[in-house]
Amino acid sequence: MLMDCISNEKAELTLDGKTYLLPIVVGTMGEKAIDIRSLRAETGYITIDSGYMNTGSCSSQITFLDGEKGILNYRGYAIDDLADNCSFVEVAYLLLHGSLPTREDLRKFSVLLNCYSLIHEDMVHFFDHFPPNAAPMTILSSMVNSLSTFYPEMNENPLEDIDNMSARLISKVRTIAAFSYRKSLGAPLVMPRHDYSYCANFLNMMFDSPVNPYVVDDDVVAALNKLLILHADHEQNCSTSTVRLVGSARVNLYASISAGINALWGPLHGGANQAVIEMLEKIHTSGDDFKKYIDKAKDRNDPFRLVGFGHRVYKSHDPRARIIKEACDQVLGALGISNDPLLAIAKELEAVALKDEYFIERNLYPNVDFYSGIIYRALGIPQNMFTVMFALGRLPGWISHWTEMWGDPNWRIGRPRQIYVGPKSREFVKIDDRK
Ligand code: ACO
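Predicted model only: the values in this text are computed from it and were never measured.

## Description of the pairing of strand β5 (residues 71–74)
- Here strand β4 (residues 63–66) pairs with β5 via four bridges, running antiparallel. Across the sheet, D66 pairs through a bridge with I71, a residue of β5.
- A loop of four residues connects β4 with β5, the two strands running antiparallel in sequence, and G70 in this loop sits at a positive phi of about 70°.
- Strand direction decides the pairing type here: β5 and strand β6 (residues 77–78), joined by two bridges, are antiparallel. For Y74, the partnering residue across the bridge sits in β6 and is Y77.
- What sits between the antiparallel neighbours β5 and β6 is a turn of two residues, in which R75 has the positive phi angle 50°.

## Observations regarding the environment of G67
- Mapped onto the fold, G67 is located in the loop between β4 and β5.
- Separated by 245 residues in sequence, G67 and R312 have C-alpha atoms that sit 8.6 Å apart.
- When near neighbours in sequence (up to four residues on either side) are disregarded, G67 contacts V313, Y314, K315 and S316.

## Side note on the sheet that holds strand β3 (residues 32–34)
- The strand order β1-β2-β3 describes an open sheet built from three strands, whose pairing is antiparallel. Looking along the sheet, the strands with just one partner apiece sit at the ends: β1 (6–15) and β3. Averaged over all pairs of adjacent strands, the angle between their axes in this sheet comes to 30°, without regard to strand direction.
- Pairing analysis gives three bridges linking strand β2 (residues 18–26) to β3, with the strands arranged antiparallel. Along β3, the bridge assignment pairs V25 with A33.

## Focus: the sheet that holds β6
- Strand order across the open sheet formed by three strands is β4-β5-β6, with antiparallel pairing between neighbours. The two strands at the open ends of the sheet, each matched to only one other strand, are β4 and β6.

## So, the site of the ligand
- As a structural note, the neighbourhood of the ligand is formed by 20 residues, with R300, R305, L306, G308 and Y358 the closest of them.
- At 2.9 Å from an oxygen atom of the ligand is found a side-chain nitrogen or oxygen belonging to H269.
- G308 is positioned such that a nitrogen or oxygen atom in its backbone is 2.8 Å from an oxygen atom of the ligand.
- Coverage of the ligand by the protein amounts to 76% of the 930 Å² it exposes when considered alone.
- Considering only residue class, the shell around the ligand consists of ten nonpolar, five polar and five charged.

## Quick look at the nonpolar core
- Ranked by internal contacts, the top residues of the largest apolar core, which has 117 residues, are Y74, I257, L280, L306, L349 and I381.
- Here L349 is in contact with M279, L280, I283, F290, I294, L306 and F370, once residues within four sequence places are set aside.

## Overview of the pattern of salt bridges
- Under the counting rule described, the total for this entry stands at 16 salt bridges.
- The shortest N-O distance in the salt bridge between D80 and R322 comes to 3.0 Å. Of the two residues, D80 is situated in helix α2 (residues 79–85) and R322 in helix α14 (residues 319–334); the sequence distance between them amounts to 242 residues.
- A relative accessible area of 37% places R322 in the partly exposed class.
- Two residues, E404 and R244, come together in a salt bridge whose shortest N-O distance is 2.7 Å. Note that E404 is positioned in helix α18 (residues 386–406) and R244 in helix α10 (residues 238–247), a separation of 160 residues in sequence. With respect to burial, E404 and R244 carry one shared label: buried.

Calculation rules
Residues numbered from 1 in each chain as written. Predicted model: local features only at pLDDT ≥ 70, side-chain atom pairs only at ≥ 80, totals over all residues. Heavy atoms only, no water. Pairing = 2+ DSSP bridges. Helix = DSSP H or I, 4+ residues; strand = E, 2+ residues; numbered from the N terminus. Contact = heavy atoms within 4.5 Å. Axes fitted to C-alpha atoms, helices over the stretch in contact; angles between N-to-C directions. Near = heavy atom within 4 Å. Polar contact = N/O pair within 3.5 Å; in protein donor to acceptor, adjacent residues only side chain to side chain. Areas by Shrake-Rupley, 256 points an atom, 1.4 Å probe, with all protein chains shown as cover. Nonpolar A, V, L, I, M, F, W, Y, C, P; charged D, E, K, R; others polar. Core = buried A, V, L, I, M, F, W, Y, C linked by side-chain atoms within 4.5 Å. Buried < 20%, exposed > 50% of the residue type's maximum accessible area, 1.4 Å probe, protein only. Salt bridge = Lys/Arg side-chain N within 4 Å of Asp/Glu carboxyl O.

Rendered as structure tokens:
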């Protein structure tokens, strides 16, 4: 049960000569918030905070991150430990259930995932009606939204059926993602197999061919597990907040997740992993002059930004970027890719930017997307599928937040306010009298 821990301290706010005492909420890791829930009722004022830079929208037990120190924990476990020791399915279980699975828990969860891995034949036909060049993220969000028409179960308390709903989504999204890729190639669909692990199954559905059977490579499976784990949750980012906001209207899980997929698509959010590779390719084809791009990024009159750099929350380093950079060297080594020019440019860019005053002053460091695209590329995942891969990883996090929101005793429909700065009341003019 989610409980706010109220401190004995109070914040003092003086407005129009009157002093108000506002409660202070303290998290388990010591972070503090001023509780303004009664502010408007008591004072007539609201707070304004574009981009929600200082706004806590909820209390949560799922993920802790400290942007100043570069710490990221899921359910209390350090991301490094999880990435080094777990499979993605174990981490998904952890996020959904709050504790790491025993072997028996994991076996049962895997059985459930297998049992939901196929999609309804009518849904398979949907793929035929998207234009051939449709972006895979649009296909994914449309297909996930349509799951609510095939599984309209939304009991009075959907939490009673949450294990089935979660497993269904996590399993089917993998199948939908692989099918959308196969359809874009005009290649025959490859069905999921019960004898493969989650990641091996996905890779097989993507790359198996009737004329050239796919051989599952343990290094590739391990790399994919790691990437999905690192993307599995990141507390109240844009897409997760979208899932919570849409879900706060008591919309079903599938529709809420579909909204989150659309939010993730943006180039300032999950779409950045694809944009990074496009940027690195551009630098490469234009003669590897990466310093020119650093100058462009620093130029206030140039809209160009060094994609894969900067983060709203991390102001010392993104712990996921460090793990991914190491994994990048390991995976490329294991796959025998000794000199990837894009990896070389990425490392040069990073080295130059980390010594440059512009980036230092603004706390701009490589984020999770800076190196992930290089690994996906090495694994054979096409560029237009990178953000879909992010969605596959983020799914357990979104579901956990949606579930937590449903059970939150402080739940309210999300409805921010605004300060109106438009015209004051105007006299109405009939259409023929307007100039
Ligand atoms: N390249 C160059 N300058 C940058 C960059 C960048 N990548 N990122 C931020 N800056 C500069 C801004 O121009 C601004 O400079 P100013 O103070 O002189 O005006 C300053 O740094 C602060 O930037 P904001 O945009 O205010 O920072 P914000 O927290 O709002 O944005 C964001 C964070 C969106 C991630 C931003 O850093 C960015 O656009 N990065 C590139 C896109 C990217 O990699 N997105 C993926 C993020 S990770 C994820 O979503 C999974």
